[in-house]
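Residues per chain are reported as follows:
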Amino acid sequence: MSKRWRLSWGRFLYAMALLAIAPTLITWATSPIDTAVLMLWILYASGFVFFALGWHRLRQEDAANPLLVSDLDRARKALLGKPWVAVVWFTTTLVVVLSLTIGSALYGAAA
């Protein structure tokens, strides 16, 4: 019998905590929180929510039909979802980040 994926929420949170190290270190390195740090956290939060929803889909797929370690394509499709949704999600995130950055540059205040 092949190995199955371990899909606990604890593993997901551990991986996202590891990914949060860079924004946290950058935040600690800057005394006042400037616009760039805020935009970095918005990008991280968007990725966190996107992949949390994908992790939920992955767990649902595993509950319906167990995912084996060799089923990488099924796991990827369940985690990322439909490609156009991912494109729209991250395009919208980038548009929001860029518009807040431009807005704060024009008006001189952090967004």
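Each remark here, short or long, concerns the structure printed above.
Note that this is a predicted model, so its numbers are computed, not measured.

Procedures and definitions
Residues numbered from 1 in each chain as written. Predicted model: local features only at pLDDT ≥ 70, side-chain atom pairs only at ≥ 80, totals over all residues. Heavy atoms only, no water. Helix = DSSP H or I, 4+ residues; strand = E, 2+ residues; numbered from the N terminus. Buried < 20%, exposed > 50% of the residue type's maximum accessible area, 1.4 Å probe, protein only. Polar contact = N/O pair within 3.5 Å; in protein donor to acceptor, adjacent residues only side chain to side chain. Contact = heavy atoms within 4.5 Å. Core = buried A, V, L, I, M, F, W, Y, C linked by side-chain atoms within 4.5 Å. Salt bridge = Lys/Arg side-chain N within 4 Å of Asp/Glu carboxyl O.

Caption draft 1: Layout of the side chain of Thr35. Looking at where Thr35 falls in the secondary structure, it is placed in helix α3 (residues 35-64). Classification of Thr35 by relative accessible area gives buried; the value is 17%. Within polar-contact distance, the side chain of Thr35 engages the side chain of Ser104 at 3.4 Å.

Caption draft 2: Up close: the side chain of Asp62. Topologically, Asp62 is positioned in helix α3. Taking relative accessible area as the criterion, Asp62 reaches 11% and is therefore assigned buried. Not counting the four nearest positions on each side in its chain, Asp62 is found in contact with Arg4, Leu7 and Leu67.

Caption draft 3: Main features of the nonpolar core. Ranked by size, the top nonpolar core spans 11 residues in total: Leu7, Phe12, Met16, Ala20, Tyr44, Ala52, Trp55, Leu58, Leu67, Ala75 and Ala78. Where this core is concerned, the elements lending two or more residues are α1 (9-19), α3 and α4 (72-80). At four residues, the largest contribution of residues to this core is made by α3.

Caption draft 4: Here's a closer look at the environment of Ala64. Looking at the secondary structure, you find Ala64 in helix α3. When the C-alpha atoms of Ala64 and Leu106 are compared, they prove to be 51 Å apart, with 42 residues separating the residues in sequence.

Caption draft 5: Spotlight on the pattern of salt bridges. In total, this model carries five salt bridges according to the counting rule given. One salt bridge connects Arg74 with Asp71, and the closest N-O pair in it is separated by 3.2 Å. Owing to a relative accessible area of 22%, Asp71 belongs among the partly exposed residues under this scheme. Here Lys77 ties to Asp73 by a salt bridge, and the two come within 3.5 Å at their closest N and O atoms. Residue Lys77 and its partner Asp73 are both found in helix α4; the two are separated by four residues, about one turn of the helix. Given the relative accessible area of 41%, Asp73 is considered partly exposed.

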